Every structure is written in C-alpha cells, then in structure tokens.
Amino acid sequence: MEKTKKFTELIVWQKAHQFVLAIYKETQKFPKEEIYGLTSQLRRAAVSVAANIAEGYRKRGPKDKVRFLNISEGSLEECHYYLILAKDLNYADTEIFIDMKEEIGRLLTSYSKAILSSNS
C-alpha cells in the first residue's frame, strides 16, 4: 500500500468529498419544508462518510483505522436509503448518486482490506 502524508491524498476520501459536494448541490433543489428533514439527514450522512475516513486516517492501529472506515460504510448505506426516499418522493433522479455511492463502497472495502493485510 502506497504511503500518504495526509487524508486528502486518499482516492477514497477524494471520491467521498465529491459525493458530499454533489449531495449538497442536489439537496438545494429539495422542497424548503425538507430543510430540517431529508435535506439535513442526507447531508449529515454524506459528510459523515468523508469525515470518518479523515478521522480514521490518523488512528494508529489497523483495527482502529478500519473501525472508522466501517462507520463510513454505515453512513454510506444510510445515504443509500435517503436517496431511495428522495427518488420515491420525486425530489431527485438519484441514479448518479447511487453509482457514486457504489464506487465509494468498493474503495472503502479495498482500503480496509489493504490496511488489515499490510499489518498482519
């Protein structure tokens, strides 16, 4: 696994950050009555994906690092549900976001496996 100096160099974090930016842009179009509901929940969950990658980056032990990546995976699945809901409520076409989520999920799995295998 290639060494990095900061979390912003991680492709998985970069993709997660792009996901957050895209979610923020799309949720601006949601109905105003959703500002404290679905808009807030989806944004919070998306931010949690990238934030937990960043937080886990500085953890010392591999199990601790992977625990934060697992929290990111959970937040990503939470986003998936909110995207299903947004689509079902006709707030957005969520296909591109689902694709982004799937890619981030694959990267998180690969990164977790790489961390665990490099320290075994």
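Cut-offs and rules
Residues numbered from 1 in each chain as written. Predicted model: local features only at pLDDT ≥ 70, side-chain atom pairs only at ≥ 80, totals over all residues. Heavy atoms only, no water. Helix = DSSP H or I, 4+ residues; strand = E, 2+ residues; numbered from the N terminus. Contact = heavy atoms within 4.5 Å. Polar contact = N/O pair within 3.5 Å; in protein donor to acceptor, adjacent residues only side chain to side chain. Salt bridge = Lys/Arg side-chain N within 4 Å of Asp/Glu carboxyl O. Buried < 20%, exposed > 50% of the residue type's maximum accessible area, 1.4 Å probe, protein only. Phe/Tyr/Trp six-rings, centres within 6.5 Å; stacked < 30°, edge-to-face > 60°. Lys NZ or Arg CZ within 6 Å of the ring centre and 35° of its normal. Expected span 1.5 Å × (residues − 1). Axes fitted to C-alpha atoms, helices over the stretch in contact; angles between N-to-C directions. Parallel < 35°, antiparallel > 145°, perpendicular 65-115°, else oblique. Left-handed = near helix turned anticlockwise from the far one by under 90°. Nonpolar A, V, L, I, M, F, W, Y, C, P; charged D, E, K, R; others polar.

(A) Structural context of the environment of T4. Mapped onto the elements of the fold, T4 is located in the segment before α1 (11-27). T4 sits 53 residues away from Y57 along the chain, and the two C-alpha atoms are 9.7 Å apart. Discounting chain neighbours no more than four positions away, the residues touching T4 are E9, L10 and Y57. For T4, the side chain forms a polar contact with the side chain of Y57, separated by 2.6 Å.

(B) Expanded view of the pattern of salt bridges. Within the structure shown, the criterion is met by six salt bridges. One salt bridge connects E77 with K101, and the closest N-O pair in it is separated by 2.9 Å. On the criterion of sequence distance, the pair formed by E77 in helix α3 (residues 62-88) and K101 in helix α4 (residues 95-118) is long-range, its members being 24 residues apart. The salt bridge partner of K101 is E102, with a shortest N-O separation of 3.3 Å. Judged by its relative accessible area of 4%, K101 falls in the buried class. Under the relative-accessibility criterion, E102 is labelled partly exposed at 34%. Sharing partners across several salt bridges, the network here consists of E77, K101 and E102.

(C) Spatial organisation of the packing of aromatic side chains. Counted by the stated rule, this structure contains three aromatic pairs. With centroids separated by 5.2 Å and ring planes inclined at 75°, the aromatic side chains of F7 and W13 adopt a geometry described as edge-to-face. Judged by its relative accessible area of 15%, W13 is buried. Taking 5.9 Å as the distance between ring centres and 55° as the angle between the ring planes, the aromatic pair formed by Y81 and Y82 counts as tilted. Here the basic side chain of K65 rests over the ring of Y57, its NZ or CZ set 5.6 Å away from the ring centre.

(D) Seen up close, α3. Between its first and last C-alpha, α3 extends 39 Å over 27 residues, near the 39 Å set by a 1.5 Å rise per residue. All buried positions along α3 are accounted for by K65, V66, F68, L69, S72, S75, L76, C79, Y82, L83 and A86. Looking at the buried side of α3, the elements it contacts are α1, α2 (38-57) and α4. Remark: N90 follows α3 within two positions and exhibits a positive phi of approximately 60°.

(E) The arrangement of the packing of α3 against α4 in detail. Here α3 crosses α4 at 165°, and the two axes come no closer than 10 Å. In terms of their interaxial angle, α3 and α4 are classed as roughly antiparallel. Crossing angle aside, the handedness with which α3 passes α4 is left-handed. Of α4, the residues touching α3 (which contributes P62, K65, V66, L69, S72, E73, L76, E77, H80 and L83) are F97, I98, K101, E102, I104, G105, L108, T109, Y111, S112, I115 and L116. Among the residues forming the contact of α3 with α4, the class breakdown is twelve nonpolar, five polar and five charged.

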